[in-house]
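Here's the letter readout for the chains.
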Amino acid sequence: MESPFGVARARVERVERVSPSFARITLGGDALRAFGNPERTLDQRIKLIFPPGDGVLPELRDSGEWYAEWLALPEEQRGSMRTYSIRRIELEPDGATRFVIDFVLHLADGATGPASLWASRARPGQELLVVAPRRGRLDGGGIEFEPAGARDLLLAGDETAAPAIARILEELPRDARGAAFIEVPLAEDRLAIDAPAGVELRWLARGPGDAHGAELIPGVMAYLGREPVADALVTELPRSEGVAADALLWETPAFSALGEDIVEPAEQGGAESARYHWIAGESSVVTSLRRHLVKELGIPRSRVAFMGYWRRGVAMKG
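A short tour of the structure in this document, coming up. Quick caveat, the model's predicted, so the values are computed rather than measured.

A separate point is the overall build of the chain. Of regular secondary structure, the chain possesses 7 helices and 14 strands. When each of the 318 residues of the chain is scored for burial, the buried share is 51%. Sequence-distant contacts in the chain: of pairs separated by 6 or more residues, those separated by 24 or more amount to 71%. Within the structure as shown, the chain displays about 14700 Å² of accessible surface, and the carbon and sulfur contribution to it stands at 50%.

Okay, structure coming up:
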């Protein structure tokens, strides 16, 4: 059977600086007609492969062997690969398809990676490779938002999780209820999101020099009726055999990076068991929130998804 994910060559059609910290880039091209699921995008993860220094994109076959082919290339010919969420898929009546991606611009000295640098310089007509689900294929993974009929939702994340949170909110049933917290570098980074009326959307701007999580952790805990948390971040994952010290936290109802048993608990009463929690962003912030929610509040693992999208001080490779 054909792989559910494939490779498409895409070109930049539009570049918008939607806030001081976000660039919104629209990708198009005939190859994208066969990719993406506009009716169920949610927090779908895709891969973007940026050109190497000479500007020549690698030639990869649209097959399940794309990753092995990419790794087999000399490093200077691969370009850089990074993971992103889709902010929006635009589908025209004639089948033309566009992917809209929001890039966080980390432009301070020493903080700029290849993706951020590319996005800050992107111009219409430039090309990159997109690795995404084929149209109609929902069996390839990359979507972690699975509320399983929960009556209440809590979404939380930093600027790297903002596109996924926005897409989830805009696909939710209009009668959904709950709250969403998005921590961003600046107050001017608040973006328009068509959230259901019953979901409270809170943008939290960090103060000058504040670390990630300075606003998000206390904001989430206060919403859950606990005292705002002012303790240090949990900078390491709980010890578990086979888990690297610098690994990203990735804990969902269906997967445990820590090797924990996936057990569906008996039905429990109360607001916490009826609420589904989706939290993503910088790994130490997510680890801290996991400690508070799971270890201290006793929220069942079947009601949580904690995902470290990146880790402070660690250069991500894909």
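What follows deals with the nonpolar core. Formed by 33 residues in total, the largest nonpolar core has its most connected members in Phe145, Leu155, Ile165, Leu169, Leu172, Trp278 and Tyr309. Residue assignment for this core shows that the elements contributing at least two residues are β8 (152-157), α4 (162-171), β9 (177-184), β10 (198-205), β13 (275-282) and β14 (304-310). The biggest single contributor to this core is α4, with 6 residues. Both domain 1 (5-133) and domain 2 (152-310) contribute no fewer than three residues apiece to this core. Among the nonpolar cores identified, the runner-up in size contains 25 residues, and Ile25, Leu105, Ala115 and Trp118 belong to it.

This part takes up the pairing of strand β2 (residues 22-28). Most of β2 is tucked away, with 7 of its 7 residues classed as buried. When strand β1 (residues 5-19) meets β2, the two strands line up antiparallel, connected through 7 bridges. Counted as the bridge partner of Arg14 is Thr26 from β2. Connecting the antiparallel pair β1 and β2 is a turn made up of 2 residues.

The next point concerns the pattern of salt bridges. Summed over all chains, the structure comprises 29 salt bridges. Among the ionic pairs, Glu144 bridges to Arg45, the shortest N-O distance being 3.2 Å. Residue Glu144 is located in the loop between β7 (127-133) and β8, and its partner Arg45 is located in strand β3 (residues 45-50); the two are separated by 99 residues in the primary sequence. Here the salt bridges do not stand alone but share partners, grouping Arg11, Glu13, Glu92 and Arg98 into one network.

Whenever strands of a sheet pair, they do so through backbone hydrogen bonds, lying parallel or antiparallel. With antiparallel pairing, the 7 strands of this open sheet are ordered in space as β4-β3-β7-β1-β2-β6-β5. Each having just a single partner strand, β4 (80-85) and β5 (88-91) make up the two edges of the open sheet. Taking each pair of neighbouring strands and ignoring which way they run, the sheet shows an average axis angle of 35°. One ladder, built from 6 bridges, connects β2 with strand β6 (residues 97-104); its direction is antiparallel. The residue bridging Arg24 from the neighbouring strand is Asp102, located in β6.

Right, let's get into the packing of helix α5 (residues 216-223) against helix α7 (residues 283-296). Where α5 meets α7, the axes come as close as 10 Å, and the angle between the chain directions of the two elements is 20°. Relative to α7, the element α5 lies roughly parallel. Read as a crossing pair, α5 and α7 show a hand that is right-handed. On the side of α5, the interface is formed by Leu216, Ile217, Val220 and Met221, while α7 contributes Val285, Ser288, Leu289, His292 and Leu293. The residue makeup of the contact of α5 with α7, split by class, is 7 nonpolar, 2 polar and no charged.

Spatially, 7 strands are ordered β10-β9-β8-β13-β14-β11-β12 in an open sheet, and the strand pairing comes out mixed. Bordering the open sheet on either side are β10 and β12 (255-256), each of which pairs with just one other strand. As paired elements, strand β11 (residues 250-252) and β12 share 2 bridges and run antiparallel to each other. For Thr252, the partnering residue across the bridge sits in β12 and is Phe255. Strands in contact with α5 are β8, β9, β10 and β13; relative to β9, the strand with the most contacts, it is inclined by about 165°.

What follows concerns the packing of aromatic side chains. By the definition in use, this model includes 10 aromatic pairs. On the basis of an interplanar angle of 75° and a centroid distance of 5.5 Å, the ring pair of Trp66 and Tyr67 is categorised as edge-to-face. Three or more aromatic residues joined by ring pairs make a cluster, and in this case those are Phe50, Tyr84, Phe103 and Trp118. Over the ring of Trp70 we find Arg78; its NZ or CZ atom is 5.5 Å from the centre of that ring.

Attention now goes to helix α3 (residues 114-121). Turn by turn, an α-helix covers 3.6 residues, leaving residues three or four places apart pointing in a common direction. Among all positions in α3, only Ala115, Ser116, Trp118 and Ala119 are buried. When α3 is viewed along its axis, its buried side chains cluster within an angular range of 160° and face the same direction. For α3, the elements touching its buried residues are β1, β2, β3, β4, β6 and β7.

Thresholds, definitions, all that
- Residues numbered from 1 in each chain as written.
- Predicted model: local features only at pLDDT ≥ 70, side-chain atom pairs only at ≥ 80, totals over all residues.
- Heavy atoms only, no water.
- Helix = DSSP H or I, 4+ residues; strand = E, 2+ residues; numbered from the N terminus.
- Buried < 20%, exposed > 50% of the residue type's maximum accessible area, 1.4 Å probe, protein only.
- Contact = heavy atoms within 4.5 Å.
- Areas by Shrake-Rupley, 256 points an atom, 1.4 Å probe, with all protein chains shown as cover.
- Core = buried A, V, L, I, M, F, W, Y, C linked by side-chain atoms within 4.5 Å.
- Domains from an automatic or database assignment.
- Pairing = 2+ DSSP bridges.
- Salt bridge = Lys/Arg side-chain N within 4 Å of Asp/Glu carboxyl O.
- Axes fitted to C-alpha atoms, helices over the stretch in contact; angles between N-to-C directions.
- Parallel < 35°, antiparallel > 145°, perpendicular 65-115°, else oblique.
- Left-handed = near helix turned anticlockwise from the far one by under 90°.
- Nonpolar A, V, L, I, M, F, W, Y, C, P; charged D, E, K, R; others polar.
- Phe/Tyr/Trp six-rings, centres within 6.5 Å; stacked < 30°, edge-to-face > 60°.
- Lys NZ or Arg CZ within 6 Å of the ring centre and 35° of its normal.
- Arc of directions from axis to C-beta.

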